[in-house]
Amino acid sequence: MADTNDIQTFVKPYVVPEGSGELNRALESMATSFAVTDDKIREIIKGLHKSMKVGLDHDDPDALPMIPTYVSGRPTGKETGTFLALDLGGTNLRVCQVTLKGDTTYSLVQQKFTITQEAKESRLWDFIAECVGVFLEEHDLHPAPGKRTIPCGYTFSFPIYQTGIASGNLSMWNKSFTVPNSVGRDVVNLTQSAFQRHHVPVEVVAVLNDTVGTLMTSGYSHPDTQMGIIFGTGTNAAYWENLENIGKWAGPDRKGEMVVNLEWGAFDNATEVLPYTSHDNKLNRKSSNHGLQVFEKMISGLFLGEVARNAILSLVDQRLIFAGRSSEILNKSYTFDTAYMSEIVADSSPDLASVKIVLEGTLDIPPTSLVDRKVIQHVCNMIGNRGVRLSAAAMSAVLLARPELLTSTVSVGIDGSMYQFYPNFERDLYSVSRVFLGQDFVDNRLKLHLAKDGSGVGAAIVAMTVDRDRNR
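Residues numbered from 1 in each chain as written. Predicted model: local features only at pLDDT ≥ 70, side-chain atom pairs only at ≥ 80, totals over all residues. Heavy atoms only, no water.

**Q** If you had to explain the pattern of salt bridges to someone new, which residues and values would you point to?
**A** Considering all chains together, one arrives at 18 salt bridges under this definition. With a closest N to O distance of 2.5 Å, Arg123 and Glu130 form a salt bridge. Residue Glu130 is classed as partly exposed on the basis of its relative accessible area of 32%. Note that Asp280 is salt-bridged to Arg386, the shortest N-O span being 2.7 Å. Of the two residues, Asp280 sits in helix α6 (residues 278-286) while Arg386 sits in helix α11 (residues 370-400), which places them 106 residues apart along the sequence. Residue Arg386 is classed as buried on the basis of its relative accessible area of 1%. Within this structure, Arg74, Glu257, Arg402 and Glu404 form a network of salt bridges that share partners. (Salt bridge = Lys/Arg side-chain N within 4 Å of Asp/Glu carboxyl O. Buried < 20%, exposed > 50% of the residue type's maximum accessible area, 1.4 Å probe, protein only. Helix = DSSP H or I, 4+ residues; strand = E, 2+ residues; numbered from the N terminus.)

**Q** Can you break down the nonpolar core residue by residue, with the values?
**A** If you look at the biggest cluster of nonpolar residues, it comprises 93 residues, and the most contacted ones within it are Met227, Phe231, Trp264 and Leu446. Top element by residues in this core is α11. It accounts for 15 residues. Ignoring any residue separated from it by four or fewer positions in sequence, one finds Trp264 in contact with Leu64, Met227, Ile229, Phe231, Thr235, Asn236, Ala237, Phe295, Ala394, Met395 and Val398. In terms of nonpolar packing, the next biggest core, distinct from the first, is built from 36 residues, Leu124, Trp125, Leu136 and Ala194 among them. (Core = buried A, V, L, I, M, F, W, Y, C linked by side-chain atoms within 4.5 Å. Contact = heavy atoms within 4.5 Å.)

**Q** Give me the layout of surface pockets: which residues, what numbers.
**A** Here the second largest pocket defines a volume of roughly 690 Å³. In terms of lining, the second largest pocket is formed by 27 residues, of which the most central are Asn385, Arg389, Arg427, Asp428 and Ser431. Those elements giving two or more residues to the lining of the second largest pocket turn out to be α11 and α13 (425-437). If one sorts the elements of the lining of the second largest pocket by residue count, α13 sits on top with eight residues. Taken together, the residues that form the lining of the second largest pocket break down as 13 nonpolar, nine polar and five charged. (1 Å grid on protein atoms, 1.4 Å probe; cavity = no way out; pocket = protein on both sides within 12 Å on 5 of 7 lines; lining within 4 Å. Points joined across faces, edges and corners; volume = space filled by probe spheres on them. Nonpolar A, V, L, I, M, F, W, Y, C, P; charged D, E, K, R; others polar.)

**Q** Which residues make up the sheet that holds strand β5 (residues 150-156), and what are the values?
**A** Taken in spatial order, the five strands line up as β4-β3-β2-β5-β8 in an open sheet, and their pairing is mixed. In the strand order of this sheet, the two ends are held by β4 (106-114) and β8 (202-208), each with one partner. Each strand of the sheet is rotated relative to its neighbour by a mean of 25°, with strand direction disregarded. With nine bridges joining them, strand β2 (residues 80-88) and strand β3 (residues 92-101) adopt antiparallel strand pairing. (Pairing = 2+ DSSP bridges. Axes fitted to C-alpha atoms, helices over the stretch in contact; angles between N-to-C directions.)

What follows is the structure, given as C-alpha cells:
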C-alpha cells in the first residue's frame with residue numbers, strides 16, 4: 001500500500017513520461033503544493049479540535065462558530081405522524097408534507113413555488129403564507145383532531161442568530177433579497193404573523209439550517225447517526241455534543257445532548273494549517289468574501305473547478321500546455337465547472353476522449369495533444385484528491401471529538417453533489433479515515449449514508465421531536 005505520509009506518493013503518479021523535463025518539474029512542484037500527507041492531516045485535526053473547543057466555550061472571531069441549535073431530541077425511527085416543512089432558499093420556497101411511518105421510513109409530498117421579485121423586495125412573509133395556504137387547500141390538510149394548528153419545521157437558508165428552537169433574528173439579507181423591516185427581527189415571528197393574517201392554521205415549532213436537517217433525516221432512518229455533513233456546492237457539518245461541553249450554552253439544562261452547527265467552512269481563515277497554494281489565493285483574493293470560508297473554498301463544488309482553472313492557466317502561461325494558448329471561455333472566472341473535473345477524472349480511455357470533448361468541445365481550446373490531456377487529468381486529480389483528504393480530515397476530527405461513541409456503530413448522514421457524483425468520493429472518505437479513526441472502527445462500525453433532502457424531511461423530523469417532547 002502507498003505510504004500516504006511520503007510526499008513522493010503524491011508526486012510520482014503525475015509524471016508524464018512523454019512530457020518535457022520542464023513540464024514534469026512544473027507538475028512535481030504543483031503536486032507537492034497540493035499534497036496532504038498523513039502528518040498534515042494530523043496537524044489539521046489538532047487545529048480543528050482547538051478551534052472547536054474555543055468555539056464551544058465562547059464566541060471568538062478566530063475560532064469556529066460552534067452554534068448551539070437548540071435541537072436536543074434524537075429521533076428513534078419509531079415516531080409516526082404527518083408534519084409540515086418549509087424550505088426557504090434563494091430561488092424557491094418548498095412546502096413539504098412528510099409522513100413518518102414508524103419503521104425508519106417516510107413519504108414526502110411537496111410543491112415548489114418560485115419566489116417572485118416582489119416577494120424578494122417587499123412581500124416575502126405574506127407570499128410564504130399564501131403559498132402554504134395553497135398547499136394546505138390542494139392537499140386537503142387540516143390540524144389533527146383536538147388541535148388548532150399543524151406543527152411545522154422551517155429551514156431558513158439566510159444568516160440568523162438563533163435564540164431558541166423556534167426563534168432566530170435575521171442577521172442580514174443575501175441572495176438579492178431586500179425585504180425592509182426584517183433585519184434584526186425574529187423570522188419565525190414575521191412568518192407566524194403572516195400565517196395569522198391569512199388564516200393559515202400552521203405553527204412553526206422549529207427553525208434550522210440544512211446541515212441540521214441532514215443530520216436529523218439520517219437520524220430517523222439510522223438512529224445511531226452522530227453527524228450530518230454537506231459535501232456539495234458548499235460544505236458544513238453538525239453533530240451531537242454533550243451539553244456539559246458547550247461552555248457558552250446559557251440554557252437551564254446542562255444534561256443530555258444538543259446538535260451543534262460547526263460552520264466549518266470558516267475553519268483556518270488565517271491559513272495557518274491548511275495546504276494553501278497560490279491557486280487558492282488567486283481564487284480567494286478575487287472572491288466577494290475575500291479571506292472568509294477558506295476551508296470551504298478548498299473542498300466544495302462551487303470552488304474546486306476554479307482552483308483547477310487557475311492551476312491550468314498557470315501551466316498555459318509557462319507555455320507548457322496547449323502551446324501557450326487558452327480560450328475566451330477558459331479565461332473567464334468560474335467557467336471550468338467542477339462537473340467537468342468529475343468527467344475528466346473518470347476518463348479511463350487510452351486517448352482520454354472525454355477529456356478531449358470537455359477541452360475542445362465545451363471550453364473551445366485549440367486542438368489538444370494526448371500529453372495536454374494527461375496533464376489536465378493530473379491537475380484535476382491533484383485538486384480532487386486534496387479535496388477528499390481534507391474532507392476526511394474534518395469528518396475524522398469531529399468523530400474523534402466524541403471518542404466514547406467510537407466503540408459502537410456510528411452513522412454519518414451526508415448530502416451534496418460532491419459526495420453523490422464526484423468519482424470515488426465515498427470510497428476515498430473511508431480509506432483516508434482508516435488512518436485516523438482506526439481500521440477496526442472504519443471497517444466494522446462506521447456507516448456513511450446518503451441523506452437526501454435534509455432541508456425538507458429534516459425540518460419535519462425536528463418539528464416531530466419538538467412536538468413529541470412538548471406533549472410528554
